[in-house]
Amino acid sequence: MRATRALIHLDNLRNNILQIKSCVASDVKMCIAVKADAYGHGAVECARTACECGADFLAVATVDEGIELRNAGIKVPLLMLSLCAPEEVKNAVAYDITPLVFDAEYAGLFSKECTLQGKKDFSVHLAVDTGMGRIGCLPCEAAQTAAGIAALDNIVLGGMCTHFAVSDSLKASDCEYTERQFKLFKDAVESVRKAGIDPGICHCCNSAATLNNPEMHLDMVRPGIIVYGYYADEISKEFLEAKGIRIDLRPVMTFESEVCAVRSFRAGASIGYGCTWTADRDTRIAVIPAGYADGMLRNFSTAGVKVSVNGKNYPIRGRICMDQFMIELGNDTETCRWDKAVIFGDKDFGALQTADDVARLTGTISYEITCGISKRVPRVFLTSHTR
Ligand SMILES: *Cc1c(COP(=O)(O)O)cnc(C)c1O
């Protein structure tokens, strides 16, 4: 296996899910988001661990993601959070992937397909747009839309949901926005009930709201990023602790490589494409076989992301290439060829920063960093801290 790899700490994943569970009442269902290959961590392995920890639902984004889980023997209900193309409806039905619907035209595709396949009571969840501006019917249309869906052959309304836009912010106006979204959703659910239709499982909480708004849990929560060990923006560990909520999330991914060469350069030597960095002293440079094609993005260099080798941080020098980059060791002579070079991850595995730290430095979010670790990087699944 190549030196550049993503260690996936399934014991940390288990820890995180159990920690989240302890913040959620036992009668509230857990829908664990494993979309986008479990935020880059490997969907099948993460889904298995989530199921072992009692996940009631798993959330995917696409039909193909759902099929991958079904083919791996995952039996729990799968919720598909994005809309699929008409030609994917056949497989969504065949593989029992529960879609979010919000109009009779789209829901009708599933109804027709169920009739073709002889499926009865195919569950769909009604999405209500309470302020995200993405998918969902308007709250005032919920009852009518639910009635339209309930009237379709072979389809049952299994649940209702909405999605928060700013639940990860602590700004007063953002907190009010979330409160308003929640109220609109509750009223929409009530209107469906009033129309004589069972709304099914009602859910609205992403990671941030799962931790920060326990009064909004309803029947199910849908955590994603916290499952993988990163706090949701301003809903930080410190903020939660101040609120009396103790939670210890651990990063599930360690992104590591190895020093594949150590080179000595004279002052004046240039490093990398564009000759953007020139040594101002005699120095040593380590070459690491990872690049932007692996998710080691070019702006890591300009943002000042450092790489740890043997417990010390070293700066990236020059531009990150497609498949390699260089760090400056200076006059450190301890570092040798084949030493581990850790970009981010679990501190027990030599990381001095997490994907969240890298995200903050580079002006993005942890989600984008872990999803950006490309297919070329093998995932190594570890079940205990043995090394
Ligand atoms: C991705 C997603 C989630 C999980 O979001 P996190 O911020 O990772 O917790 C929940 N619900 C919907 C609809 C989503 O798209």
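The shown structure was predicted, so the numbers you read here are calculated from the model rather than taken from an experiment.

Once that is clear, we can look at helix H8 (residues 172-194). Its 23 residues place the ends of H8 33 Å apart at the C-alpha level, agreeing with the 33 Å of an ideal helix rising 1.5 Å per residue. Every buried residue of H8 is accounted for by Asp174, Thr178, Gln181, Phe182, Phe185, Ala188, Val189 and Val192. Elements in contact with the buried residues of H8: helix H7 (142-150), strand E7 (155-161) and strand E8 (201-205). Phi turns positive one or two residues past the end of H8, at Gly196, with a value near 85°.

For the rest of this paragraph, the subject is the UniProt feature "modified residue: N6-(pyridoxal phosphate)lysine" (unreviewed entry) in the protein chain. UniProt's feature table lists "modified residue: N6-(pyridoxal phosphate)lysine" (unreviewed entry) at Lys35, given in the numbering used throughout. As for its placement among the helices and strands, Lys35 is situated in helix H2 (residues 35-40). Lys35 gets classed as partly exposed once you look at its relative accessible area, which sits at 27%. Not counting the four nearest positions on each side in its chain, Lys35 is found in contact with Ala59, Val60, Ala61, Glu65 and Leu81.

Okay, the nonpolar core next. Of all hydrophobic cores here, the largest spans 116 residues; its most connected members are Leu58, Leu69, Met160, Phe325 and Ile327. In terms of domain composition, this core takes at least three residues from each of domain 1 (23-242) and domain 2 (253-382).

Attention shifts here to the sheet that holds strand E5 (residues 97-101). Taken in spatial order, the eight strands close into a barrel running E2-E3-E4-E5-E6-E7-E8-E9, and their pairing is parallel. The pairing of strand E2 (residues 29-33) with strand E9 (residues 220-221) spans two bridges and is parallel. Paired with Lys29 across the strands is Met220, a residue of E9.

Before going further, it helps to spend a moment on unusual backbone geometry. In this structure, Ala36 takes a positive phi of about 50° despite not being glycine. Mapped onto the fold, Ala36 is located in helix H2. In the Ramachandran plot, Leu218 falls in the positive-phi region, its phi being about 50° despite a non-glycine side chain. In this fold, Leu218 is placed in the loop between helix H9 (207-212) and E9. Residue Leu218 is classed as partly exposed on the basis of its relative accessible area of 29%.

About the criteria used
- Residues numbered from 1 in each chain as written.
- Predicted model: local features only at pLDDT ≥ 70, side-chain atom pairs only at ≥ 80, totals over all residues.
- Heavy atoms only, no water.
- Helix = DSSP H or I, 4+ residues; strand = E, 2+ residues; numbered from the N terminus.
- Expected span 1.5 Å × (residues − 1).
- Buried < 20%, exposed > 50% of the residue type's maximum accessible area, 1.4 Å probe, protein only.
- Contact = heavy atoms within 4.5 Å.
- UniProt positions renumbered as here; feature names shortened; annotations may be inferred.
- Core = buried A, V, L, I, M, F, W, Y, C linked by side-chain atoms within 4.5 Å.
- Domains from an automatic or database assignment.
- Pairing = 2+ DSSP bridges.

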